[in-house]
Amino acid sequence: MDVSYLLDSLNDAQREAVSSPVEHRLVLAGAGSGKTRVLVHRIAWLMRVEGASPFGVLAVTFTNKAAAEMRVRLDSLLGIPISGMWVGTFHGIAHRLLRTHWTDANLPKTFQILDSEDQFRIVKRVHKALELDDTRWPPRQSQWYINGKKDEGLRPQYLDDNGDFQERKLIEIYQAYEASCQKSGVVDFAELLLRAHELLRDSPTLLAHYQNRFRHILVDEFQDTNTLQYAWLRLLVGKEGKLFAVGDDDQSIYGWRGAKIENIQRLNEDFSNVGVIRLEQNYRSTSNILSAANAIIEKNENRMGKKLWTADGQGEPILLYRALNELDEAQFVAERIQKLSESEGYSRNDFALLYRSNAQSRVLEEALIRAGLPYRIYGGLRFFERAEIKDAMAYLRLLKNRDDDTSFERVVNTPTRGIGQRTLDIIRTIAREQVTSMWRAAQFVVAENELTARAGNAVKVFLSLIDQMDEGTDSLLLHERVEQTIQQSGLIDHYKKEKGEKGQTRVENLGELVTAARYFKPSDDAEETEMDLLDAFLAHAALEAGESQSEPGDDCVQLMTLHSAKGLEFPVVFMCGLEEGLFPHKRSSMEPRQLEEERRLCYVGVTRARKQLILCHTEHRRLYGEDHYPQLSRFVREIPDELLEEVRQNYGAVRPSSMNSAFNSPIKKPSSQIGGLNLGQSVSHAKFGSGVVINFEGDGNHARVQVNFDTHGCKWLVLAYAKLETL
DNA sequence: TTTAGTTGAATAAAG
DNA sequence: TTCAACTAAA
């Protein structure tokens, strides 16, 4: 059989990866080195050359987008739609296992999936039940704790408080939260993974079955796996399976989310004969951009090691613009976009504005609006996360699972039907006492006449509304059922009444939901696990929240955080706010590990650019109402001067003789004195009297000192104005 | 139930 | 500074 088409279009390293013997493999794929291509070709190779059955292949990704792309590319490479192969996200696959083996997993057949918002609500409820003061015990923190422990594969009963009071409380909360979820038959995202892991671990038969089935396990973005995902993979690979992991340690930017970059190194300890292949040829960027990227990432220690190169030319120099403040920065960006569009013929889609934190987007947006440039922001609320959609979904979930307390609480009084806080408190208490769901408690309360006539009636109306919506709608088509639900529940009318454009959009969104239901096609696994169409739709909504607003098809400038830029590429990339404190973020700059992650984030940003990279920073930035006079980011200073060209507004381009001499004081040796003042120096000020210099920042006209005044406390003063006298 | 006023948090985010 | 979430009052 001629399989040359599987290798022809590949370079040597890619070819080696695709055609390597069926053993464990780790492919270190640099940015823009064609990793998806390798992954897809490897699967095709396994099938066409190694005789693997599609049933024997499991391919795991982190995002739905990546999974979808892989499926499409596989189909087109193989010329036929792949069936029987498991291609999906970690969560999607875990979900599939749990749906198939719900009894073994100790779940109700129609268990529902919680998103982070649902989870947060439950945590808050648990806090209330435990009578915790939310100021002392922020629910967010508990949620963080619970997810963190689950990602580590830890159940509360195995946790040790080590005599720590705080820890003990958190364990208690975790335990109560779990009990609540189990009672309601709901599962959060981390729980999907944890249960799936336990399911296999605790059932030798099931484990043997899946180990036997999946002889080839391929993982994308391996550097993003957390402890639990790694354990799950290890379990599933077993003795016979072969792991093909693709990743890039230099692009590991989700440590704060539980990702363990160490998993890459661990491969060698836990698996035998892990061949490592490096993909270092980059097909995306100019060599100037790659040199900058290499220079930055080289400053990290503990790397697997990798150096990107390209067969293409040097390209444009990297531009560096030093703005007066964030407004100036934004204006510069907008002007540059217009200028480059005209001179180089770029379309708006070709530009991406990247920033470290979301707070930076506003000023940029305003400048774009002023310049009449349409833009699109990545991230933000997605379709299935909108309140009105979640309301509708909550009704649907109640139809499937009356014990789903989260959904119950969400819609019991939406639209308002006279079931107030008072009534709910009673129901909640009963539910807790009888260790049952809100739904059952409500039934009980109605039956026992424990409420005032009015409240009792209102509850009765709600209960029968749900039952009634459930009855006789089984035969309806999915979208008819959805339509019925939003009608009968009164949601549509409720939102129609809402004044202004908001209500209008909400009604439109609900209509959109009906359309989504009409065209909803369950995935293979939904079909195979014999899920009812509505169940599949509910799961789909939870696992795939959909795209965020505004059509990607429009010709728009793209705004996003550096994190969400990962995996994307653009002809022209602006990186804004390259300032110490902002990027690297001050909360990450203390610890070397975190600083390295920031540096990787910078590396990710730089390698998004194909032709032109433009770096911006300000000498003055107002953030949260506070003034900052930040230094240029150390990451920029790690780029060799000869790759950079400084942009001087109105003066044209000037090549700096040295970045350090021009206007940046090096942070490696922060000057301990400024404007003739030393730390600890006693000074006096005309208005504030005498004090001691305790800190300073900035230089030139913006140099500021912090003085602790004897009578007026600590103040930051601009040296140029303050006229301090040394004492 | 709705509305106005108050408080508090502000790094990044897929499923 | 800004915005969302919460609280108190009408």
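Keep in mind that this is a model prediction, so the values were computed, not measured.

Criteria and cut-off values
Residues numbered from 1 in each chain as written. Chains lettered and ligands numbered in written order. Predicted model: local features only at pLDDT ≥ 70, side-chain atom pairs only at ≥ 80, totals over all residues. Heavy atoms only, no water. Helix = DSSP H or I, 4+ residues; strand = E, 2+ residues; numbered from the N terminus. Rg over C-alpha atoms; globule rule 2.2 N^0.38 Å. Buried < 20%, exposed > 50% of the residue type's maximum accessible area, 1.4 Å probe, protein only. Contact = heavy atoms within 4.5 Å. Areas by Shrake-Rupley, 256 points an atom, 1.4 Å probe, with all protein chains shown as cover. Lys, Arg positive; Asp, Glu negative; His and termini not counted. Charge placed at Lys NZ, Arg CZ, Asp CG, Glu CD. Near = heavy atom within 4 Å. Polar contact = N/O pair within 3.5 Å; in protein donor to acceptor, adjacent residues only side chain to side chain. Pairing = 2+ DSSP bridges. Axes fitted to C-alpha atoms, helices over the stretch in contact; angles between N-to-C directions. Nonpolar A, V, L, I, M, F, W, Y, C, P; charged D, E, K, R; others polar. Parallel < 35°, antiparallel > 145°, perpendicular 65-115°, else oblique. Salt bridge = Lys/Arg side-chain N within 4 Å of Asp/Glu carboxyl O.

**Q** What is the right way to look at the overall build of chain A in this model?
**A** Helices and strands together make up the secondary structure of chain A, namely 29 helices and 24 strands. What you see for chain A is a C-alpha radius of gyration of 29 Å, in line with the 27 Å of a compact globule of 727 residues. When its C-alpha atoms are laid out on the principal axes, chain A stretches across 80 × 80 × 55 Å. Within the span of chain A, comprising 727 residues, buried residues form 55% of the whole. Residue pairs at least 24 apart in sequence account for 73% of intrachain contacts in chain A once pairs closer than 6 positions are excluded. Here chain A has roughly 33000 Å² of accessible surface; of this, 48% comes from carbon and sulfur atoms. On chain A, the mean spot of the 91 positive side-chain charges and the mean spot of the 104 negative ones are 2 Å from each other.

**Q** How do you make sense of the protein's contact with DNA strand C when you look at a structure like this?
**A** Around DNA strand C sit Lys124, Arg362, Tyr624 and Gly625, and those are all the residues in its vicinity. Within 4 Å of the protein, the contacting atoms of DNA strand C are 71% sugar and phosphate, with bases supplying the remainder. The contact in question runs from a phosphate oxygen of DNA strand C to an N or O atom on the side chain of lysine 124, over 2.6 Å. Glycine 625 places a polar main-chain atom, nitrogen or oxygen, 3.1 Å from a sugar or linking oxygen of DNA strand C.

**Q** Mind showing me how you'd approach the environment of leucine 562 here?
**A** Here leucine 562 is to be found in helix 25 (residues 562-565). Its relative accessible area of 3% is what places leucine 562 among the buried residues. Note: C-alpha distance between leucine 562 and glutamate 448 (114 residues apart in sequence) is 57 Å.

**Q** Looking at this model, I keep getting lost on the sheet that holds strand 6 (residues 216-219). Mind explaining?
**A** The pairing of strands in a sheet happens through backbone hydrogen bonds and is either parallel or antiparallel. The 6 strands are arranged 3-2-6-7-1-8 in an open sheet whose pairing can be described as parallel. Two strands close off the open sheet at either side, each with one partner strand: strand 3 (86-89) and strand 8 (275-279). For this sheet, the mean angle separating the axes of adjacent strands, direction not counted, is 15 degrees. Of the strand pairs in this sheet, strand 6 and strand 7 (residues 242-247) are connected by 4 bridges, and their pairing is parallel. By the bridge assignment, valine 219 is partnered in strand 7 with alanine 245.

**Q** So what exactly am I meant to see when it comes to the protein's contact with DNA strand B here?
**A** Asn64, Arg356, Asn358, Thr561 and Arg587 are the nearest of the 25 residues found near DNA strand B. Within the side chain of arginine 382, one N or O atom sits 3.1 Å away from a phosphate oxygen of DNA strand B. Residue arginine 587 places a side-chain N or O atom 2.4 Å away from a phosphate oxygen belonging to DNA strand B. Taken together, the residues of the surface near DNA strand B break down into 6 nonpolar, 14 polar and 5 charged.

**Q** Help me understand the packing of helix 20 (residues 478-488) against helix 24 (residues 533-543), please; the structure alone is not making it clear to me.
**A** A packed helix pair is summarised by two numbers, namely the angle formed by the two axes and the spacing between the axes. The interhelical angle for the contact between helix 20 and helix 24, taken along N-to-C directions, is 70 degrees, at an axis separation of 10 Å. With respect to helix 24, the axis of helix 20 lies roughly perpendicular. Contacts from Leu478, Arg481 and Val482 of helix 20 reach helix 24 at Leu533, Leu534 and Phe537. Taken together, the residues of the contact of helix 20 with helix 24 break down into 5 nonpolar, no polar and 1 charged.

**Q** Before we go on, may I ask you to explain the pattern of salt bridges in this structure?
**A** Two side chains that carry opposite charge are able to pair once their charged atoms sit near each other. Taken as a whole, this structure holds 53 salt bridges when the rule is applied. A salt bridge links lysine 566 to glutamate 221, with the nearest nitrogen and oxygen atoms 3.5 Å apart. Remark: glutamate 221 occurs in the loop between strand 6 and helix 10 (227-237) and lysine 566 occurs in the loop between helix 25 and strand 13 (570-575); sequence separation between them is 345 residues. For the pair lysine 566 and glutamate 221, one class covers both residues: buried. Here arginine 284 and glutamate 569 are joined by a salt bridge, their closest N and O atoms 2.7 Å apart. One end of the pair, arginine 284, is in the loop between strand 8 and helix 12 (287-297); the other, glutamate 569, is in the loop between helix 25 and strand 13, and 285 residues separate them in sequence. Under the relative-accessibility criterion, glutamate 569 is labelled partly exposed at 38%. Within this structure, Asp115, Glu117, Asp118, Arg121, Lys390, Asp391 and Arg410 form a network of salt bridges that share partners.

**Q** What's the story with unusual backbone geometry in this structure? I'm lost.
**A** With the exception of glycine, most residues fall at negative phi, and the peptide bonds are largely trans. Of note, the amide linkage connecting threonine 414 to proline 415 takes the cis form, showing an omega dihedral of -5 degrees. Structurally, proline 415 can be placed in the loop between helix 16 (405-411) and helix 17 (421-433). For the bond running from phenylalanine 583 to proline 584, omega is 5 degrees, close enough to zero to count as cis. Counting through the fold element by element, proline 584 comes out in the loop between strand 13 and helix 26 (592-606). We note that asparagine 302 has phi near 55 degrees; this positive angle belongs to a residue other than glycine. Residue position: asparagine 302 is located in the loop between helix 12 and strand 9 (318-325). Phi is positive for tyrosine 624, close to 55 degrees, though the residue is something other than glycine. Summarising the element assignment, tyrosine 624 is placed in the loop between strand 14 (609-623) and strand 15 (626-628).

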